[in-house]
Amino acid sequence: MKFLLQCPCSGGSAIHPVLLLAIVAAIWLVARWIRLMFRKEGISLMNKAAKILIVVALVAAVVIVIAIKYTKPSADANQPSNQISTPTLPLPKLVDVGAGKCIPCKMMAPILQELKKEYTGRLEVQFIDVWENPAAGDKYGIKLIPTQIFYDASGAERFRHEGFMSKEDILAKWKELGYDFAGHSEVIFDRLKPAHPDSRPKDTICYMCDGDISPKTLVTVRTDKGEVRLCSPHCYFIMYSCLTEDKTGFEKKVSVTDWAMGKLTPAAPALYLYSFNETGRPVIKSFADKQNAQAEQKASGGSIIGWQILLGKELETRCGFCDRAVYPEDAALVKADGLYSWGCCSHCALGVAARTGKDIEVQEKDRLTGEDIIVKTLNGKMASLEPATAVAWFGQRQKPDGAWVSAGCFHQGFFTNADNLKKWVEQNPYETGRLISISQALADKMKLSPQQIQKACKIGECSPK
Ligand SMILES: [Zn+2]
Ligand SMILES: [Zn+2]
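Small disclaimer: the values here were computed from a predicted structure and weren't measured. (Residues numbered from 1 in each chain as written. Chains lettered and ligands numbered in written order. Predicted model: local features only at pLDDT ≥ 70, side-chain atom pairs only at ≥ 80, totals over all residues.)

Helices and strands together make up the secondary structure of the protein, namely 12 helices and 21 strands. Going through the 465 residues of the protein one by one, you find that 29% of them count as buried. Restricting to contacts in the protein with at least 6 residues of sequence separation, those with at least 24 account for 60%. (Helix = DSSP H or I, 4+ residues; strand = E, 2+ residues; numbered from the N terminus. Buried ≥ 20, exposed ≤ 12 C-beta atoms within 10 Å, placed from the backbone. Contact = placed C-beta atoms within 7 Å.)

Encoded structure:
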């Protein structure tokens, strides 16, 4: 038999039957004593009333004290509880102690919101503003803001981290602590074999970009291992910028295709008609003969320049990570410390954070649709991503020994979502690799040593060729 003193939802306890009996007995005794008092003679009415009040108050106080004692939740968790209540499982809790206006705290805010929303009922997320509530900072023993404190379901502190912490790192830490919130919800997509074999004759494929070689812009380089064929002067200069060997007199090995005659001619003495297409991207036409160059200049405009000037223009803009020659029109824009740099590919753009040690903002285009994707980093971690659905394609190739290596800068990219990535992979039958998160792509770059960064994208050091 149980009597409920409180709403079961509030976690109160039932009154013990012995306590109930004591209360009933006390009321009966008081009632009897009052009756006796009124029967006595020689005591004034005022005295009687005062005595009654004192005794009633004393009995009431005793009853209240006993009642409070019994209605306190049991401290012994091992006691089987048979109270009528809805059990709520204790949740692990993430407390972020920060301030509304500190910069890393502001960057934490959307992450906390996402965690709160995505893991409702599985993780409790709390933000405490110490500028508004300084006492809270003392309570948590905070040395700097923001600080994230991880409590397990029993309320024990398991880990704390000072400074900005990315969502990926927070989830990874929870996983380490035994809470796998992210689970298997990640989108996994890969293509490990080309959709169909590349049946193009080898001498029609550019050594650098794997694109088709137009017979009007072919560039060849004589090497010890045979002739290297490139689709254009620009791909030649990319290759040139990736060479680690001594490049003195290198131009003697290079031939370009005469635009008018369609025949190879030595690169150094040739002339170059240099103009721009509608997007501002340079267009280079090579000529062995000045008259042919001038005739084409009359027809299509542009400037006629020599090899050294062309070399200077082509090497002017470099990838901020791997140092290879790049056209800004093809590249990802990278902002670091108010300065602009370029990433020759999306992954190289993230690598600028690793090479410079600075916080960066990358603006790259979806390879399928051209829509903007903006990534911001803080202390080498991804701080924000727009749109949040954006993903990366990690182009990889399998070497004859079975090992997977990067397929090179021409085979990487960002996409606003996984569907765009899949469509692009469908449209590019020879691409192989896998979908990774952009923060993973950043993490891959951040773990490189200075020596590895030095060798990044260098032919013979890093290139899969
Ligand atoms: Zn090429
Ligand atoms: Zn690069």
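Looking at the element boundaries, Gly249 is found in the loop between helix 6 (233-241) and strand 8 (254-257). Sequence separation between Gly249 and Ala268 is 19 residues, and the spatial gap between their C-alpha atoms is 9.9 Å.

The alternating pattern of strand 8 places Val254 and Val256 on one face and Ser255 and Thr257 on the opposite face, and all of these are buried. With three bridges connecting them, strand 6 (residues 219-223) and strand 8 associate as antiparallel partners. Residue Thr220 lies in a different strand from strand 8, and its bridge partner there is Ser255. Relative to strand 9 (residues 264-266), strand 8 runs antiparallel, the two being bridged by three bridges. Bridge assignment links Ser255 to a residue of strand 9, and that residue is Pro266. As consecutive antiparallel partners, strand 8 and strand 9 are separated by six residues, and within that stretch Gly262 has a phi angle of approximately 70 degrees, a positive value. (Pairing = 2+ DSSP bridges.)

Mapped onto the elements of the fold, Pro387 is located in the loop between strand 17 (381-386) and strand 18 (391-398). The spatial distance from the C-alpha of Pro387 to the C-alpha of Phe415 is 9.5 Å, given a sequence separation of 28 residues.

Bringing the sheet that holds strand 17 into the picture now. Where strands meet in a sheet, backbone hydrogen bonds hold them as pairs that are either parallel or antiparallel. Taken together, the five strands give an open sheet; going across it, the order is 14-13-15-16-17, and neighbouring strands pair in antiparallel fashion. Strand pairing shows two members of the sheet lacking a second neighbour, strand 14 (339-343) and strand 17, which therefore form its edges. For this sheet, the mean inter-axis angle between neighbouring strands, taken without regard to orientation, is 20 degrees. In this sheet, strand 14 lies alongside strand 13 (residues 332-336) in antiparallel orientation, the contact comprising five bridges. Paired with Lys335 across the strands is Tyr340, a residue of strand 14. (Axes fitted to C-alpha atoms, helices over the stretch in contact; angles between N-to-C directions.)

Before going further, it helps to examine the confidence of the model for the protein. Here the protein averages 84 in pLDDT, while 79% of its residues score no lower than 70. Note on residues 65-86: pLDDT under 50 across the span, and 22 contacts to partners over four residues away in sequence or across chains. (pLDDT = per-residue confidence, 0-100.)

Glancing now at helix 3 (residues 103-118). For helix 3, with 16 residues, the first-to-last C-alpha span of 24 Å sits near the 22 Å given by 1.5 Å per residue. At Ala109, helix 3 shows its strongest bend, of approximately 25 degrees, with the proline Pro110 following within four residues. Those residues of helix 3 that sit buried are Cys105, Met108, Ile111, Leu112 and Leu115. Where the residues of helix 3 are buried, they touch strand 1 (93-98), strand 2 (124-129) and helix 5 (167-176). (Expected span 1.5 Å × (residues − 1). Bend = angle between axes of the 7 residues up to and from the residue.)

This next bit is on the environment of Ile374. Following the sequence through the fold, Ile374 ends up in strand 16 (residues 372-378). Aside from chain neighbours lying at most four places away, what touches Ile374 is Glu361, Gln363 and Glu386.

All right, on to the nonpolar core then. The nonpolar side chains of a soluble globular protein tend to be buried, and buried together. Core analysis: the biggest nonpolar cluster contains 87 residues, and Leu230, Cys235, Tyr236, Met239, Cys344, Cys348 and Ile438 have the highest contact counts within it. Leave out the neighbours within four places in its chain, and Met239 touches Tyr207, Met208, Leu230 and Ile459. (Core = buried A, V, L, I, M, F, W, Y, C linked by C-beta atoms within 7 Å.)

On to the sheet that holds strand 8, then. The strand order across the open sheet formed by four strands is 7-6-8-9, and the pairing between neighbours is antiparallel. Looking at strand neighbours, the two that pair on one side only are strand 7 (226-230) and strand 9, the edges of this open sheet. Taking each pair of neighbouring strands and ignoring which way they run, the sheet shows an average axis angle of 30 degrees. Packing against the sheet, helix 6 makes contact with strand 6, strand 7 and strand 8, and its axis sits at approximately 120 degrees to strand 7.

The next point concerns the pairing of strand 7. In this sheet, strand 7 lies alongside strand 6 in antiparallel orientation, the contact comprising five bridges. Its bridge partner lying in strand 7, Arg222 is registered against Glu227.

Attention shifts here to the packing of helix 9 (residues 346-356) against helix 11 (residues 438-446). Two numbers describe how helix 9 lies on helix 11: the axes approach to 8 Å, and their chain directions differ by 50 degrees. Compared by their axis directions, helix 9 and helix 11 come out oblique. The two elements helix 9 and helix 11 cross, and the hand of that crossing is right-handed. For the pair helix 9 and helix 11, the contacting residues are His347, Leu350, Gly351, Ala353 and Ala354 in the first and Ala441, Leu442, Lys445 and Met446 in the second. For the contact of helix 9 with helix 11, the per-class residue count stands at six nonpolar, two polar and one charged. (Parallel < 35°, antiparallel > 145°, perpendicular 65-115°, else oblique. Left-handed = near helix turned anticlockwise from the far one by under 90°. Nonpolar A, V, L, I, M, F, W, Y, C, P; charged D, E, K, R; others polar.)

We now examine unusual backbone geometry. Geometrically, the link from Ile145 to Pro146 is a cis peptide bond, its omega value of -5 degrees lying close to zero. The omega torsion of the bond from Glu386 to Pro387 falls at -10 degrees, within 30 degrees of zero and hence cis. Although it is not a glycine, Asp210 sits at a positive phi angle of roughly 65 degrees. By the element assignment, Asp210 lies in the loop between strand 5 (190-191) and strand 6. Although it is not a glycine, Asn379 adopts a positive phi angle of roughly 50 degrees. Along the chain, the position of Asn379 falls in the loop between strand 16 and strand 17.

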